[in-house]
Amino acid sequence: MQDDGTIEANARTVARAGEKLAELLERPLAAGLYLVATPIGNLGDISLRTLAVLTRAPLIAAEDTRHSRKLLSHYNIHAELTPYHEHNATRELPKLLARIEAGYAVALISDAGTPLVSDPGYKLVREALDAGLMVTSIPGPSAALAALTSAGLETDTFLFGGFLPPKSGQRQTRLAALRETQATLIFFETAPRLAKSLEDMTALLGPREAVVARELTKLHETLHRGTLETLTTEIESQPVKGEVVVVIAPPSADDVEVDDACLLADLEAALKTMSFRDAVHAVTEARSVKRARVYQLGLSLTKRGE
Ligand code: SAM
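Just so it is clear, the model here is predicted, and its values are computed rather than measured.

Before we go on, may I ask you to explain the overall build of the chain in this structure?
Counting its regular elements, the chain contains 13 helices and 10 strands. Taking 2.2 N^0.38 as the reference for a compact globule, 306 residues should give roughly 19 Å; the C-alpha atoms of the chain span a radius of gyration of 25 Å, well beyond that estimate. Oriented by its inertia axes, the alpha-carbon framework of the chain measures out at about 80 × 55 × 30 Å. Going through the 306 residues of the chain one by one, you find that 40% of them count as buried. In the chain, 71% of the contacts between residues at least 6 apart in sequence involve partners at least 24 apart. If you average the places of the 33 positive and of the 40 negative side-chain charges in the chain, the two averages end up 5 Å apart.

Shown next as structure tokens:
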């Protein structure tokens, strides 16, 4: 039960927000492309500017119009909606540019979060800029940053890797290319692919700290913390549902100082007198690097020799 003071204070906050929105709504919306972020699950994560732009834009380009109609109806927004996604981009892009050139504001939204972040829009932005049209971002939610900021891993330097390839071979190649990147890594993933992806991450990146952020901003938001290895075991035995982001700590300093060529040379020398297992162990110990990395390099050597 709230006391009278709290009720009054809350009413003032509501009124202030309403006044600000009303003020924004009175301003004309200049012609241009507006990249508008929308909630990633929690309808409360919508900003006043987002509401103001979506209310005034005569045309909203949406990845999936049926999906976006639900969000817009919730806020009583009934603008014209047109689909814009990777399959119709070639056809629709010139039409959207023509609308902006004719003096209209066009808002671009995706199913959730920030457009262009593993979502359509890059080509549209590029061509709008090349055509000298106004392009502006109305920032807001993105699962990548929500996951990064709640993961408790370093945030100074991070690399957003989007979705990894669905095929394991290609995924491993991509992960190998990122192994020495001195940054926290962020990947989008789907729940059904999560266990296999974590397995590859463990093999290629070693026992780093990591977080699986699930259903962010929603009722069942969960952050699974551990190392890549423990998370793999956890998710394999108890598969998760919903939307997930994987955040992985940067490599330890030791791991990046020694380059692959050096380790390969060590391995080649060790393999002349030792078993594969002993050679991997000896090089891991001698160089103070991750066993998984030496193991993978050892495998590449034996494959080369086959
Ligand atoms: N553009 C969106 C953004 O900025 O958040 C991302 C779109 S991408 C097609 C969809 C992926 O984002 C999902 O597969 C998942 O990896 C991640 N994602 C979206 N919403 C999420 C949520 N509420 N919790 C966790 N991950 C989410």
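Is there a simple way to explain the domain arrangement of the chain in this structure?
One frequently used descriptor of interface size is the decrease in accessible area upon assembly of the parts. Split by domain assignment, the chain resolves into domain 1 (4–141), domain 2 (144–248) and domain 3 (260–305). Inter-centroid distance (C-alpha atoms) of domain 2 to domain 3 is 27 Å. Every contact between the two is made by 7 residues of domain 2 and, on the other side, 5 residues of domain 3. With both sides pooled, the region where domain 2 packs onto domain 3 buries about 530 Å², and carbon together with sulfur makes up 52% of that total.

Help me out: how do you make sense of the site of the ligand in this one?
Taken together, 19 residues are adjacent to the ligand, and Val117, Asp119, Ala143, Leu216 and Val244 come closest. One nitrogen or oxygen atom from the main chain of Ala112 is found 3.4 Å from a nitrogen atom belonging to the ligand. Interatomic distance of 2.8 Å between a backbone N/O atom of Leu216 and a nitrogen atom of the ligand. When the free accessible area of the ligand is taken as 560 Å², the share hidden by the protein chains comes to 91%. Of all elements in the fold, only strand S7 (184–190) and strand S10 (243–248) reach the threshold of two or more residues within the shell around the ligand. Top contributing element to the shell around the ligand by residue count: S10, with 3 residues. Class assignment for the residues of the shell around the ligand results in 10 nonpolar, 4 polar and 5 charged. For the shell around the ligand, the domains that each give at least three residues are domain 1 (4–141) and domain 2 (144–248).

Where do I start with helix H12 (residues 276–287) in this structure?
Residue pairs spaced three or four apart in an α-helix point in one direction, given the helix's 3.6 residues per turn. Given a rise of 1.5 Å per residue, 12 residues ought to cover 16 Å, and the 16 Å separating the end C-alpha atoms of H12 matches this to within 8%. Among the residues of H12, Ala279, Val280, Val283 and Thr284 are the ones counted as buried. For H12, the buried positions fall inside an angular range of 130° around the axis, keeping them on one side. Set apart from the buried face of H12 by more than 90 degrees, the exposed residues are Arg277, His281, Glu285 and Ala286. Following H12 by one or two positions, Ser288 has its phi on the positive side, about 50°.

Is there a simple way to think about the environment of Ser150 in this case?
Considering the arrangement of structural elements, one finds Ser150 in helix H6 (residues 143–151). Take Ser150: its relative accessible area is 25%, and that puts it in the partly exposed class. When the C-alpha positions of Ser150 and Leu198 are compared, they lie 19 Å apart, and in sequence the two are 48 residues distant.

What exactly am I supposed to notice about the nonpolar core here?
Soluble globular proteins tend to bury their nonpolar side chains together. Formed by 19 residues in total, the largest nonpolar core has its most connected members in Phe187, Leu194, Leu198, Met201 and Ile248. Elements that contribute at least two residues to this core include exactly helix H7 (168–178), S7, helix H8 (191–205), strand S8 (209–214), helix H9 (228–237) and S10. Considering each element in turn, this core owes the most residues, 5 residues, to H8. If near-sequence neighbours (up to four positions away) are discounted, Met201 is found in contact with Leu164, Leu175, Phe187, Gly206, Leu228, Val246 and Ile248. Ranked by size, the runner-up nonpolar core spans 18 residues in total, among them Tyr34, Leu51, Ala62 and Ile109.

Where do I start with the pattern of salt bridges in this structure?
When the charged atoms of two side chains lie near each other, side chains of opposite charge can form a pair. Enumeration according to the criterion identifies 14 salt bridges in this entry. A salt bridge links Glu80 to Arg99; the shortest N-O distance between them is 3.4 Å. Taken together, the positions of Glu80 in strand S3 (residues 80–83) and Arg99 in helix H4 (residues 89–101) put the pair 19 residues apart, joining distant regions of the chain. A salt bridge links Asp260 to Arg293; its shortest N-O distance comes to 3.0 Å. Taken together, the positions of Asp260 in helix H11 (residues 260–271) and Arg293 in helix H13 (residues 291–305) put the pair 33 residues apart, joining distant regions of the chain. Residue class for Asp260 comes out partly exposed when judged on its relative accessible area of 24%.

Sorry if this is basic, but what is going on with the sheet that holds strand S6 (residues 158–163) here?
Working definition: the strands of a sheet are paired by backbone hydrogen bonds and lie parallel or antiparallel to each other. The strand order across the open sheet formed by 5 strands is S6-S7-S10-S8-S9, and the pairing between neighbours is mixed. Strands with a single pairing partner mark the edges of an open sheet, and in this sheet they are S6 and strand S9 (222–227). Mean inter-strand twist for the sheet, computed between neighbouring axes without regard to direction, equals 20°. Bridging between S8 and S9 involves 6 bridges; their strand directions are antiparallel.

About the cut-offs
- Residues numbered from 1 in each chain as written.
- Predicted model: local features only at pLDDT ≥ 70, side-chain atom pairs only at ≥ 80, totals over all residues.
- Heavy atoms only, no water.
- Helix = DSSP H or I, 4+ residues; strand = E, 2+ residues; numbered from the N terminus.
- Rg over C-alpha atoms; globule rule 2.2 N^0.38 Å.
- Buried < 20%, exposed > 50% of the residue type's maximum accessible area, 1.4 Å probe, protein only.
- Contact = heavy atoms within 4.5 Å.
- Lys, Arg positive; Asp, Glu negative; His and termini not counted.
- Charge placed at Lys NZ, Arg CZ, Asp CG, Glu CD.
- Domains from an automatic or database assignment.
- Buried area = accessible area lost by both parts, 1.4 Å probe.
- Near = heavy atom within 4 Å.
- Polar contact = N/O pair within 3.5 Å; in protein donor to acceptor, adjacent residues only side chain to side chain.
- Areas by Shrake-Rupley, 256 points an atom, 1.4 Å probe, with all protein chains shown as cover.
- Nonpolar A, V, L, I, M, F, W, Y, C, P; charged D, E, K, R; others polar.
- Expected span 1.5 Å × (residues − 1).
- Arc of directions from axis to C-beta.
- Core = buried A, V, L, I, M, F, W, Y, C linked by side-chain atoms within 4.5 Å.
- Salt bridge = Lys/Arg side-chain N within 4 Å of Asp/Glu carboxyl O.
- Pairing = 2+ DSSP bridges.
- Axes fitted to C-alpha atoms, helices over the stretch in contact; angles between N-to-C directions.

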